[in-house]
Structures are given as C-alpha cells and as structure tokens.
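Fold and geometry: a report
Listed below are the residues making up each chain.
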Amino acid sequence: MNAAQTGPGTGRGAPLISRSGADLRYSSYDVLVIGGGIAGLTAAVGAAHRWHVGLITKGDLDETATFLAQGGIAAAIGDYDSPELHLKDTLEAGVGLCDDDAVRVLVEEGPARVQELEAMGTKFDRRDGKLILASEGAHSVPRVVRAGGDATGSVVASALAQAIYSGTRVELHENEFVIDLLVDAGRCVGALSLDRDGELTVTLARAVVLACGGAGQVFAHTTNPLVATGDGQAMAYRAGAVMRDMEFMQFHPTAFYGTENPTLLLTEALRGEGAYLRDDAGGRFMVGSHPRAELAPRDVVVRHIKRVFDRDGTDHVWLDARHLECGFLRERFPTVFNGLKARGYDLCTQLIPIAPASHYFIGGALTDTWGRTTIPGLYACGETASTGIHGANRLASNSLLEGLVFGDRTVRELNRYLSVSDPAVRKVKLDLADEPRKGNDPAVVAEKRAALALLMSDLCGIVRDRDGLQKAADEIEAMKASLAAPGLDVAELELFNLLTVAEHMVASAVMREESRGVHLRSDFPERDDEDWRRHVLLELDADTGEQKVYTIPVGQRGSAAREGS
Ligand code: SIN
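First, a word on scope: everything that follows refers to the structure included in this document. (Residues numbered from 1 in each chain as written. Predicted model: local features only at pLDDT ≥ 70, side-chain atom pairs only at ≥ 80, totals over all residues. Heavy atoms only, no water.)

The helix and strand inventory of the protein stands at 15 helices and 25 strands. Its C-alpha atoms give the protein a radius of gyration of 22 Å, within 12% of the compact-globule value 24 Å for 565 residues. Structurally, the protein occupies a C-alpha span of about 70 × 55 × 50 Å along its principal axes. The burial tally for the protein puts 62% of its 565 residues in the buried class. For the protein, the share of sequence-separated contacts (at least 6 apart) that also reach a separation of at least 24 residues comes to 73%. (Helix = DSSP H or I, 4+ residues; strand = E, 2+ residues; numbered from the N terminus. Rg over C-alpha atoms; globule rule 2.2 N^0.38 Å. Buried < 20%, exposed > 50% of the residue type's maximum accessible area, 1.4 Å probe, protein only. Contact = heavy atoms within 4.5 Å.)

Structure representation (structure tokens):
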C-alpha cells in the first residue's frame, strides 16, 4: 500500500492550508479532471469511455471562459483551405516561438475534432447546408466555425455538458475548489478540495488532468470570468511542475471600455465582418499601420491602440460598425448586440468605446503533445497548459481548438498510461497544518485582490520595463508578507493563487529582455532573434524551496521535461 505525501505540504515550505478541524472525506477515481471548460469536458467525456472519471469544477459549468467565448473554432475546413495554411498563419502569428510539431498536431487533427463535436450535437452555423466560416485577425482565409452567431462557447459547452449529464461515467462535482495536488514519490496521485460547505475531500486518482483555464483576473480589465484566477498554474507549480512562457498574457484589443469585471468582449469577428477601429478624431489608425489593417494579428493591434493612447492621452478608442447593415449585426452578433444594449449602447448607430483587456494566458504548465506535464500522472490541457502552439501570440480562435485537440490527445495518452501504470494509492499522509487558522479579513482579501489587479495592469500589463517590473515584484512580496496564512476560504485561496501567478509573470517578464508578440518591453523595444528565440522556464527548486527561472532554446523541452512515463 502506498502512502502519498500531499502537495500542500511537500516539505518545501509552510503548508498552504490548515485542516482547521474540518472533517476529511475520501473518494477515488481512475482519472480526476479539474476544470469544466472545453479542454476539461473533452478530456472527461473521452476518458469516461474506459475509465471511472471524476470532474471537479470550481463554479458551475456555465461559469467558464469557454462558455463566454464568442468568435469560434479555427479549423482548416474550407475547400480553399489546408492544414498547411493554418500552420503557416499560426506560426506567423506566434512570432518565432511556436513549437512547430505541436502546431502541426493542432491543425491536422483539428478538423476531425470539430466534426466529432458536431456529431455530438453541437449546432454550428450553416448556410445552404455548408458550415459558415468566418474571418478573424491574422488568418489568411475565412476559417472560423461558429455557433449561435457569436455564442460559440456557450453552444459548445452546453453540448459537452449534455454528454456529461446524459449517462457518461463522469461524476461531476460543481462548486468545489481544488486547493492542491497530491504528490507521492514524484507522481501525482490526486487532489485535495474544498466544497461550498467547507468540507475537505481527498480524491485519489491514478491520473489527474489539470484543465482549469487561465488567469485573466490577475489584471484589472479582463474578459475572463471571475473564476479565472490561475489556480491550475499555481497548483501545478506548487506540485513541482515546470512552467513555461509565463510572461505571455494576451490582451484582446476590443473589450468594452469600463470598470465592469469581467468586461464584455466585442469579438474579433466584428472586425472580420468589416467593423473599423477609430481614434478620437475618427481616423482609422490601423490603416497604413499594417497590411491587414484592423485584421492584423492581435499583438499588433494592441500595440497600435497603445500608441494611440500615448499619442492622444486617452485610455480608449472606438469600434465602428455603423456602416454594416443593422439586421445583419443583430442576427450575426446577438451576444454583443444585446450586451451593448444592456449597457446603453446601440451597435448599429453608435461608436463603441473599447480598450484592450487580458484575455488568454499563453503561459502554463509545460506539456508535450500528449498533455504530459513534467510530473508523472499529471496532465494538463487547454489554457492551463503550455503546449507551445501559441508561441508569443495566439492566433484568434485557436484556443477552443486547442481544448478539443489536446483534450482528446490527453485521453489517448491516458488510455495508454492507465494500462501500464501502478494502481491508485489507497492512503494519504496529509501534511496539513494542525493549528486552526483564522485567515484574513474578507474585506482585506478583496482589497488586496483589487490592488494586485491594478498593480499588474500598471506595471506588468501591455507595456513593461525593468524598473516597473522590479517595483511590481517588490509590491507583490510586500502583499504576501502582509497576509496571514489562508484559512479554508475560497476567496483567500484564490488570492494566494493570483499572487503566485502574478509573481511568475513578473519574474518571467524580467527575464525576457526583448519585445516579442504580447510581451512589450519599453526598455528593450526590438525583437531579438539572436538571443531570444528561447522559452523562459520557471519551477520550484525542490531542495531550496526557491523559485528557479531559466531559459532554453525554442524547440527544446529542457532537461527538466521527462521523456515519458
Ligand atoms: C473573439 O471572439 O474575438 C475571441 C476569439 C479568441 O479569443 O480566440
């Protein structure tokens, strides 16, 4: 019988949490999937064909970034298109930092995964019986499959959720917060979670799939749901996984300008249908700035918006769809149209104020093309993972595709791994602190979360420099020092995860002394291919408990990455 030592207290530092007198419940599965977006649902539904699967989501299934996704799924489906062309566009958008093999997998397997999703009941938009394919930035041809006009995410998520509800062998645990992974002798063997009644559950599993989404909530203006607090990245790091490219947070150019959290996304497909970007004087500033004008890659559009901000002393520009036919806009973009109406704006007749917002976290737990992280038994897919497909700037609508393709590949690898791996451990030795912890005042937790978001937007947002990043690092350190160890409280645990991920973003951004893709350093304004066709890796040093940051050339996974298990 094996005994597992838990992630929260692997001897590398103070245990993250105290048991605080809570009763422990136990459960076990072959596969534990953490996260209910497209990657997690795909992995859970697929794995359930052969294995007993538990799925834990921190909110309800409709609270994910997938559910909010508007644009669609990019796939080389059109008869004028090819995986080769999709590959070329993805590599170009990724500015020299993509893993070519991973991108090849994405574009070659994508069309079949989209067809399977449709066969499962997803109603993609069709005209005259043919899938409608939309245009988005940096795609050289129309390639984006959509559903419900601009409601792709909710339609896809609902179809996958339906598969979970209708008799798969997936046990769904919604509103349960995974605190940490359990690691035994270097192998991931389960997770510890907290439900909304304050009960702790120890879930033992032969394999764990992290699919917890991104970390947009690290920033003040974001399109990501409130639950996107970097939990997957933070717990992977604490468990000892190698993290990659944590400096790359993609900002979406066209989010509704305002203080709402999250803010309303104005899908890139609007520009794909011909909407313009304008400055205060009415000028189309993208015309002449890039051959594709408003449909330039996302990082390029954001850069030009920032230039307009600096030039005009403003903090927003305008999206203009007034020249498009109103009936078309209403039907094609119901989510945006109604979302704006609820905020007092008319897409048909008014300019819409917009500003970039954090949208997609490119960094994550390093994986190979089978979802394997550097910890045996631990898999990651979707936004939590760094497969290398996005390079330094993600191509629009490649992320839902990523969830489908790599969720599926993770299942295929699980089928292999579970046929040969050891049985699940049957006992755990939990290294939780014993003393009851009061934790932190909820008002202080909320205040620190807001302060962190402002700090990160200011000093580690669209533009960074060494002094600002150093200041951000110091302030994050001070914030951590001012907090008591967390109690058994989700808001507190989220804050600790946000601080961890913010710290990693800053440390990696300091390291990359160049500007590339979504990473803009005002003190190193040029792209430097000679020195920086490299990834920044970050991991917890098991001996010292310190964070290690180092670089490896693009195309290598580093000595830290295991070759298989
Ligand atoms: C959008 O609809 O603009 C978002 C699509 C994406 O982020 O890939």
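Having put the structure on the table, let's press on.
Let's shift gears to the packing of aromatic side chains. All chains considered together, the criterion is met by four aromatic pairs. Geometrically, the ring pair formed by Phe219 and Phe251 is edge-to-face, given 5.3 Å between the ring centres and 75° between the ring planes. Taken together, the residues span a long stretch of sequence, with Phe219 in the loop between strand 12 (200-210) and helix 6 (231-239) and Phe251 in strand 14 (residues 249-256) at a distance of 32 residues. Accessibility expressed as a relative area gives 1% for Phe219, which makes it buried. Among the residues examined, Phe251 registers a relative accessible area of 9% and is labelled buried. With 6.5 Å between their ring centres and 85° between their planes, Phe328 and Phe333 make a pair best called edge-to-face. With a relative accessible area of 30%, Phe328 lands in the partly exposed category. Above the ring of Tyr276, the side-chain terminus of Arg284 is found at 3.7 Å from the ring centroid. (Phe/Tyr/Trp six-rings, centres within 6.5 Å; stacked < 30°, edge-to-face > 60°. Lys NZ or Arg CZ within 6 Å of the ring centre and 35° of its normal.)

When we look at burial in helix 10 (residues 334-342), the residues that qualify are Val336, Phe337, Gly339 and Leu340. Taken from the residues just after helix 10, Gly344 is the one with a positive phi, measuring 85°.

The next point concerns the pairing of strand 25 (residues 547-553). In this structure, strand 24 (residues 534-540) lies alongside strand 25, joined through seven bridges in antiparallel fashion. From the neighbouring strand, Leu537 faces strand 25, where its bridge partner is Tyr550. Taking the residues that link successive antiparallel strands as the turn, the strand 24-strand 25 hairpin has six residues, and the phi of Gly545 there is positive, at about 75°. (Pairing = 2+ DSSP bridges.)

Moving on to the pattern of salt bridges. Under the criterion given, the structure shown has 43 salt bridges. The salt bridge partner of Arg113 is Glu109, with a shortest N-O separation of 3.9 Å. Residue Arg113 and its partner Glu109 are located together in helix 4 (residues 100-119), separated by four residues, close to a single helical turn. With its nearest N and O atoms 2.8 Å apart, the salt bridge here joins Glu116 to Arg113. Of the two residues, Glu116 and Arg113 both sit in helix 4, three residues apart, roughly one turn of that helix. The exposure class of Glu116 is partly exposed, given its relative accessible area of 39%. Residue class for Arg113 comes out buried when judged on its relative accessible area of 14%. Beyond isolated ion pairs, a larger network of salt bridges with shared partners links Glu109, Arg113, Glu116, Asp408, Arg409 and Arg412. (Salt bridge = Lys/Arg side-chain N within 4 Å of Asp/Glu carboxyl O.)

Residues in close proximity to the ligand include Gln70, Gly71, His252, Leu265, Thr267, Glu268, Arg298, His359, Arg394, Ala396 and Ser397, which together make up its full environment. The separation between an oxygen atom of the ligand and a polar main-chain atom of Gly71 is 2.9 Å. Coverage of the ligand by the protein chains reaches 94% of its 260 Å² of free accessible surface. (Near = heavy atom within 4 Å. Polar contact = N/O pair within 3.5 Å; in protein donor to acceptor, adjacent residues only side chain to side chain. Areas by Shrake-Rupley, 256 points an atom, 1.4 Å probe, with all protein chains shown as cover.)

To continue, consider the environment of Lys130. Looking at the element boundaries, Lys130 is found in strand 6 (residues 130-131). Placed 62 residues apart in sequence, Lys130 and Leu192 show a C-alpha to C-alpha distance of 46 Å. Contacts of Lys130, omitting those with residues within four sequence positions, involve Asp79 and Asp125.

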